[in-house]
Amino acid sequence: GLRGAVWLVSDRQVFPHYAPALIERLHTAGYAVQGYAVPAGETSKDLTVAAQLYDWLIGNGVERRDVVLALGGGVVGDLAGFVAATVLRGVALVHLPTTLLAMVDSAIGGKTGVNHPLGKNLIGAFHQPRLVLADPATLATLPLRELCAGWAEVIKHAVIRDAGLFTHLESIADPASLSGETLAAIIRRAVRVKIDIVNADERETGERMLLNYGHTLGHAIEAACGYGDLLHGEAVAIGMHLEAQIAGRLGMVDRAFVERQARLLHIWGLSTDLPPGLSVDDLIARTLRDKKVRGGKVRWALPAGIGTATVRDDVPESLVRAVLAEA
Ligand SMILES: NC(=O)c1ccc[n+]([C@@H]2O[C@H](COP(=O)([O-])OP(=O)(O)OC[C@H]3O[C@@H](n4cnc5c(N)ncnc54)[C@H](O)[C@@H]3O)[C@@H](O)[C@H]2O)c1
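I will try to describe carefully the structure that is included in this document. Small disclaimer: the values here were computed from a predicted structure and weren't measured.

1. Some points on the overall build of the chain
Thought 1: Across its full length, the chain holds 12 helices and nine strands.
Thought 2: Computed over its C-alpha atoms, the radius of gyration of the chain comes to 20 Å, within 12% of the 20 Å expected for a compact globule of 327 residues.
Thought 3: Here the chain holds 327 residues, and 53% of them are scored as buried.
Thought 4: For the chain, the accessible area works out to roughly 14,300 Å², and carbon and sulfur atoms hold 52% of it.

2. Brief notes about the pattern of salt bridges
Thought 1: Inspection of the entire model under this criterion finds 18 salt bridges.
Thought 2: The partner of Asp78 in a salt bridge is Lys45, with the nearest N and O atoms 2.9 Å apart. On the criterion of sequence distance, the pair formed by Asp78 in helix α3 (residues 74-86) and Lys45 in the loop between β2 (33-38) and α2 (47-59) is long-range, its members being 33 residues apart.
Thought 3: One network of salt bridges, with partners in common, ties together Glu42, Lys45, Asp78 and Lys120.

3. A short note on the packing of aromatic side chains
Thought 1: A full pass over the atoms with the stated rule returns three aromatic pairs.
Thought 2: With a centroid separation of 5.1 Å and 50° between ring planes, the pair formed by Tyr36 and Trp56 is classed as tilted. Placement of the pair is Tyr36 in strand β2 and Trp56 in helix α2, with a sequence separation of 20 residues.
Thought 3: Plain terms: the ring middles of Trp151 and Trp268 are 4.3 Å apart, the flat faces sit at 55° to each other, and that makes the pair tilted. Taken together, the positions of Trp151 in helix α5 (residues 144-161) and Trp268 in the loop between α10 (255-267) and α11 (280-287) put the pair 117 residues apart, joining distant regions of the chain.

4. Brief notes about the nonpolar core
Thought 1: In this structure, Trp151, Val154, Leu169, Ile221 and Ile246 are the most contacted members of the largest nonpolar core, which totals 63 residues.
Thought 2: Looking at this core element by element, the count peaks at nine residues for helix α9 (residues 232-249).
Thought 3: No fewer than three residues from each of domain 1 (6-139) and domain 2 (143-326) sit in this core.
Thought 4: When sequence neighbours within four positions are dropped, the list of residues in contact with Trp151 reads Leu100, Leu169, Leu178, Leu183, Ile186, Trp268 and Leu270.

5. What about the packing of α5 against helix α6 (residues 163-170)?
Thought 1: Running from N to C, α5 and α6 cross one another at 135°; their axes reach a closest spacing of 6 Å. One finds that α5 runs oblique with respect to α6. Counting all contacts with α5, which are made through Trp151, Val154, Ile155, Ala158, Val159 and Arg161, the residues of α6 involved are Ala163, Leu165, Phe166 and Leu169.
Thought 2: Looking at the contact of α5 with α6 residue by residue, the class counts come to nine nonpolar, no polar and one charged.

6. Brief notes about the sheet that holds β2
For sheets, the rule is that strands pair by backbone hydrogen bonds, running either parallel or antiparallel.
Thought 1: Taken together, the five strands give an open sheet; going across it, the order is β2-β1-β3-β4-β7, and neighbouring strands pair in parallel fashion. Only two strands of the sheet have a single partner each, and these edge strands are β2 and β7 (131-132).
Thought 2: Bridge count for strand β1 (residues 6-11) against β2 is six bridges, and the pairing is parallel. Paired with Leu8 across the strands is Gly35, a residue of β2.
Thought 3: Strands β1 and β2 of the sheet are contacted by α2, whose axis makes an angle of about 160° with β2.
Thought 4: Packed on one face of the sheet, α3 meets β1, β2, β3 (67-72) and β4 (92-97) and runs near 170° to β3.

Basis of the calculations
Residues numbered from 1 in each chain as written. Predicted model: local features only at pLDDT ≥ 70, side-chain atom pairs only at ≥ 80, totals over all residues. Heavy atoms only, no water. Helix = DSSP H or I, 4+ residues; strand = E, 2+ residues; numbered from the N terminus. Rg over C-alpha atoms; globule rule 2.2 N^0.38 Å. Buried < 20%, exposed > 50% of the residue type's maximum accessible area, 1.4 Å probe, protein only. Areas by Shrake-Rupley, 256 points an atom, 1.4 Å probe, with all protein chains shown as cover. Salt bridge = Lys/Arg side-chain N within 4 Å of Asp/Glu carboxyl O. Phe/Tyr/Trp six-rings, centres within 6.5 Å; stacked < 30°, edge-to-face > 60°. Core = buried A, V, L, I, M, F, W, Y, C linked by side-chain atoms within 4.5 Å. Domains from an automatic or database assignment. Contact = heavy atoms within 4.5 Å. Axes fitted to C-alpha atoms, helices over the stretch in contact; angles between N-to-C directions. Parallel < 35°, antiparallel > 145°, perpendicular 65-115°, else oblique. Nonpolar A, V, L, I, M, F, W, Y, C, P; charged D, E, K, R; others polar. Pairing = 2+ DSSP bridges.

Now the structure itself:
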């Protein structure tokens, strides 16, 4: 049903790999297409870059029935999605995610946005895509470190909702030699977890908060290290390990759970070690600035076993401190 002009947004690393063939095929299918590549990396999730995209779209005569096509990772998806949500009060959006993280997480669920100097993702809008099309073949050019960071979100989805996916991931001895078919099947399954949760709670008033497992401390660690040092998924893996220990101290899971999750994260190329030199006070202060804080209480998404999780706002700060101090 999308018949207007196509505005393809990508980043400078992804564009040369996939945009030329895509543009050619869209032309062949009768679409008018224009392309724009922003610099690769988190710094492009910024209002000044969004403003450049508005200039490009409005300057070239974007119309209401047109479609913005986001080709790239979570950065391009969030930025182009935000621009699509706001230009002319909203035009259609299509996501073509090219990172594992974007395929299983950021392209699904309609959250778009840019960063503010005071924090990540503080400016944004909900804008559901008309189509999300993930081609796992694009992962062939993704740097290995970026791929592994995406596995953190896949494992997170397994822990909070899909015990079968967890055991399936455990049964794979060598992730480096996955067949394309197995990879696609895992992606499909991880996507299903996110879709089900978003369908139940689009605006994050309840269940959607479960997707934040590993992210409360993960975001704190990512910010404390300075953005760009640890990848988002790498910080989330460490956050999951710490938050599993919080759940352990609350009696929600046992020691075996914590070890089992850590083993799986390691097999899929992720470290669970807290980087040295971080201050416990600083990390605690950062968790209190989390977007999910309500009435001064941090709302933690914590596992209650493999495949099940719950939100708790009664976690004593002393318990979090103890886990961090030990780590
Ligand atoms: N909207 C949401 O619900 C949501 C959820 C999770 C994360 N996010 C956001 O997603 C962003 C992170 O996304 P990301 O991890 O995809 O990072 P990214 O978009 O920065 O991509 C990582 C790097 O890989 C490159 N790249 C992407 N695809 C490639 C490919 N196929 N071949 C070669 N290189 C490729 C990119 O140019 C970039 O340098 C963060 O800003 C985060 O806040 C949003």
